[in-house]
Amino acid sequence: MHEELVRDRIRTLHREAEEQRLVSGIVRLRRARRDAERASSRLRNALLRLA
């Protein structure tokens, strides 16, 4: 009985760790997309000033 509880807790911890990795990846992706949009906007503004 005790071993099954330990195994269940380990499975839960692994599942929670995987969920956290997925969330972290999404956060990184959103940040990268936002940074790329800002860079694109700055480039567009710089090109407009040159014209």
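Rules and cut-offs
- Residues numbered from 1 in each chain as written.
- Predicted model: local features only at pLDDT ≥ 70, side-chain atom pairs only at ≥ 80, totals over all residues.
- Heavy atoms only, no water.
- Helix = DSSP H or I, 4+ residues; strand = E, 2+ residues; numbered from the N terminus.
- Rg over C-alpha atoms; globule rule 2.2 N^0.38 Å.
- Buried < 20%, exposed > 50% of the residue type's maximum accessible area, 1.4 Å probe, protein only.
- Areas by Shrake-Rupley, 256 points an atom, 1.4 Å probe, with all protein chains shown as cover.
- Lys, Arg positive; Asp, Glu negative; His and termini not counted.
- Charge placed at Lys NZ, Arg CZ, Asp CG, Glu CD.
- Patch = residues over 30% accessible without salt bridge, like charges linked within 9 Å, V, L, I, M, F, W, Y side chains within 5 Å.
- Salt bridge = Lys/Arg side-chain N within 4 Å of Asp/Glu carboxyl O.

(A) Geometry of the overall build of the chain. When helices and strands are tallied, the chain shows one helix and zero strands. In terms of C-alpha radius of gyration, the chain reaches 22 Å, well past the compact-globule figure of 10 Å for 51 residues. For the C-alpha atoms alone, the extent of the chain along its principal axes is close to 75 × 5 × 5 Å. Residues counted as buried form 2% of the 51 residues belonging to the chain. Element-wise, carbon and sulfur atoms account for 58% of the exposed surface of the chain, whose accessible area totals about 5000 Å². Positive and negative side-chain charges in the chain, numbering 14 and 8 respectively, have mean positions lying 14 Å apart.

(B) A look at a positive patch on the surface. A cluster of basic residues, R28, R31, R34, R38 and R42, forms a positive patch at the surface. Note on R31: relative accessible area 41%, which makes it partly exposed.

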